[in-house]
Amino acid sequence: MAKLGALITEAVVHHYGREEMLRRLSHPFWFQSFGAVMGMDWHSSGVTTSVLGALKRGLKPLSAELGLHVCGGRGSHSRRTPTELIDIGYRVGIDGSALANVSRLIAKVDSAAVQDGFDLYLHGFIVTSDGQWVVVQQGMNPERRQARRYHWLSEGLENFLDSPHSAIEGRSQGNIINLTDRRADRSRSGQLDLLATLDPGRIAREAVALDRPTAVVPHPCDEPLLPHLIMPEHHDVRESDVRMKRLYANLAAAADRGPTDYPELLLVPGVGPRTVRALAMVSEVIHGAPCRFSDPARFSLAHGGKDRHPFPVPLKIYDETIRILKSAVAKGKLAREDELAALRRLDQQARRVEHYAMGPDFKEIVAGEFRDSAGFGGRSVFGWE
């Protein structure tokens, strides 16, 4: 995951720039698809930990070249984020102390100003060498056995208390305390006013008043809707989780463009159509429009999942994907764009054929992967196939 994640990041930065990579990471649908195409369980809360961990490991040797630095992580790693940001500030010449304060403030907002039943346990902070950043945090509700992910993006952020999130991933939990909602401005002002009086008697009277039954007057919802990803209860991949037209388009693009682009793409002897199918989905993660990531489960059909959903990770295919993408990115740095252009054509072809592409039944596709799994070096947490 560290190798493939770093190569996909390099390709995105090469084509679209560092700021676009931050925008992608701040979007929950792309983030989930990114984790799925790297072979992580498409559904579990571990996607967040694994993606951030893979990027931290994979991008560390490339941080000076790409100008991207990954800090934080899970548990004790999250608490080291401010120190890591200060160290990066010294190295690249940005205000690391100010970024450390941003990190602390964001953690406080999602743990205190937003009280939704989820306790934060993961804090990832990705910053560029010119001070732009994205933050991905995750909380857990142990009673419900559910996670919620919070995305923040520095671009366009006016302040930290007026609807600052770029996105939220998780199921609705009903009424919550959310002092970051724009409509909570009067509440925030009232709290400050109450504390400024230093009158315990007044605070007690207000607390008693809260216990009196009052009619609830609905407030008109003028809050703009964020991208809000809700994952299903089941962990296996089902046909209902996948936009089949898009999947058929990926398969058709691999079949149509693969033979045409073999001289540019498949320079390694023995690489066949199955690798091109995986590359078609990797290419979409690099180049796809935001609207195409509403079914992140589809990208798990590139390299499977470590929990055998939808099938075991085919390590031989995974290695070939890494080898081809590594070659394409390396040559792209030398202004030899043929291989990167061939990958891009896979995505373009998928969009062209999506409206009329057809293919086998979903169960048949998955059954075929299981049938060929041993030959592809299939492996999961349960061992080799």
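Since we're looking at a predicted model, the values are computed, not measured.

## What about the packing of helix α3 (residues 28-37) against helix α4 (residues 46-59)?
Angle between the axes and distance between the axes: these two values describe a pair of packed helices.
Turning to step 1, where the next piece is worked out: Contact geometry for α3 and α4: axes closest at 10 Å, N-to-C directions at 75°. Accordingly, the angle class assigned to the pair α3 and α4 is roughly perpendicular. Contacts from F31, Q32, F34 and G35 in α3 reach V47, T48, V51, L52 and L55 in α4.
Turning to step 2, where the next piece is worked out: Of the residues in the contact of α3 with α4, the class split is six nonpolar, three polar and no charged.

## What to know about the environment of N159
Turning to step 1, where the next piece is worked out: As for its position among the elements, N159 is in the loop between β5 (146-153) and β6 (167-169).
Turning to step 2, where the next piece is worked out: Taking C-alpha positions, N159 is 25 Å from D87, a pair spaced 72 residues apart along the chain.
Turning to step 3, where the next piece is worked out: Separated by 2.8 Å, the side chain of N159 and the backbone nitrogen of L161 make a polar contact.
Turning to step 4, where the next piece is worked out: A polar contact of 2.7 Å, which involves the side chain of N159, links it to the backbone nitrogen of D162.

## Quick notes on the domain arrangement of the protein chain
Turning to step 1, where the next piece is worked out: Looking at the protein chain, the domain boundaries give domain 1 (43-180), domain 2 (183-214) and domain 3 (239-372).
Turning to step 2, where the next piece is worked out: The gap between the C-alpha centroids of domain 1 and domain 3 is 30 Å.

## Here we look at the environment of A342
Turning to step 1, where the next piece is worked out: Mapped onto the secondary structure, A342 falls in helix α15 (residues 338-353).
Turning to step 2, where the next piece is worked out: With a relative accessible area of 0%, A342 lands in the buried category.
Turning to step 3, where the next piece is worked out: For the pair A342 and L68, spaced 274 residues apart in sequence, the C-alpha to C-alpha distance is 26 Å.

## Some words on the packing of α3 against helix α12 (residues 273-287)
Turning to step 1, where the next piece is worked out: At a closest axis distance of 10 Å, the pairing of α3 and α12 adopts a crossing angle of 155°. Our classification of the angle between α3 and α12 gives roughly antiparallel. Two packed elements cross with a definite hand, and for α3 against α12 that hand is left-handed. Across from W30, S33, F34 and V37 in α3, the residues of α12 making contact are M281, V282 and V285.

## Digging into the sheet that holds strand β9 (residues 313-314)
Turning to step 1, where the next piece is worked out: Read from one edge to the other, the open sheet built from three strands follows the order β9-β10-β11, with strand pairing classed as antiparallel. Across the chains shown, the open sheet's two edge strands, defined by having one partner strand only, are β9 and β11 (383-384).
Turning to step 2, where the next piece is worked out: Here β9 pairs with strand β10 (residues 378-380) via two bridges, running antiparallel. Residue pairing in the sheet places V313 in a bridge with R379 of β10.

## Focus: the pattern of salt bridges
For side chains of opposite charge, pairing can occur when their charged atoms come near one another.
Turning to step 1, where the next piece is worked out: A full pass over the atoms with the stated rule returns 26 salt bridges.
Turning to step 2, where the next piece is worked out: Note that E369 and R274 form a salt bridge whose closest N and O atoms lie 2.8 Å from each other. Of the two residues, E369 sits in helix α16 (residues 362-372) while R274 sits in helix α12, which places them 95 residues apart along the sequence.
Turning to step 3, where the next piece is worked out: With its nearest N and O atoms 2.9 Å apart, the salt bridge here joins E385 to R308. Of this pair, E385 sits in the segment after β11 while R308 sits in the loop between α13 (300-303) and β9, placing them 77 residues apart in sequence.
Turning to step 4, where the next piece is worked out: The exposure class assigned to E385 is partly exposed, which follows from its relative accessible area of 38%.
Turning to step 5, where the next piece is worked out: Residue R308 is classed as partly exposed on the basis of its relative accessible area, which comes to 29%.

## Overview of unusual backbone geometry
Turning to step 1, where the next piece is worked out: For the bond running from H309 to P310, omega is 0°, close enough to zero to count as cis.
Turning to step 2, where the next piece is worked out: In this structure, R145 is a non-glycine residue whose phi angle is positive, near 55°.
Turning to step 3, where the next piece is worked out: Relative to the elements of secondary structure, R145 occurs in the loop between β4 (133-141) and β5.

## Some details on the nonpolar core
Turning to step 1, where the next piece is worked out: Formed by 76 residues in total, the largest nonpolar core has its most connected members in I8, L25, F34, V37 and L325.
Turning to step 2, where the next piece is worked out: By residue number, the principal contributor to this core is helix α11 (residues 244-265), which donates eight residues.
Turning to step 3, where the next piece is worked out: The residues that make up this core include at least three from each of domain 1 (43-180) and domain 3 (239-372).
Turning to step 4, where the next piece is worked out: Excluding residues that lie within four positions of it along the chain, L25 makes contacts with W30, F31, F34, L55, I126, V134, V136 and H151.
Turning to step 5, where the next piece is worked out: With 18 residues, the next largest nonpolar core counts I88, Y150, L179 and A184 among its residues.

## Things to note about the side chain of E339
Turning to step 1, where the next piece is worked out: Positionally, E339 belongs in helix α15.
Turning to step 2, where the next piece is worked out: Accessibility expressed as a relative area gives 4% for E339, which makes it buried.
Turning to step 3, where the next piece is worked out: Among the polar contacts listed, one links the side chain of E339 to the side chain of S327, at a separation of 2.9 Å.

Rules of the game
- Residues numbered from 1 in each chain as written.
- Predicted model: local features only at pLDDT ≥ 70, side-chain atom pairs only at ≥ 80, totals over all residues.
- Heavy atoms only, no water.
- Axes fitted to C-alpha atoms, helices over the stretch in contact; angles between N-to-C directions.
- Helix = DSSP H or I, 4+ residues; strand = E, 2+ residues; numbered from the N terminus.
- Parallel < 35°, antiparallel > 145°, perpendicular 65-115°, else oblique.
- Contact = heavy atoms within 4.5 Å.
- Nonpolar A, V, L, I, M, F, W, Y, C, P; charged D, E, K, R; others polar.
- Polar contact = N/O pair within 3.5 Å; in protein donor to acceptor, adjacent residues only side chain to side chain.
- Domains from an automatic or database assignment.
- Buried < 20%, exposed > 50% of the residue type's maximum accessible area, 1.4 Å probe, protein only.
- Left-handed = near helix turned anticlockwise from the far one by under 90°.
- Pairing = 2+ DSSP bridges.
- Salt bridge = Lys/Arg side-chain N within 4 Å of Asp/Glu carboxyl O.
- Core = buried A, V, L, I, M, F, W, Y, C linked by side-chain atoms within 4.5 Å.

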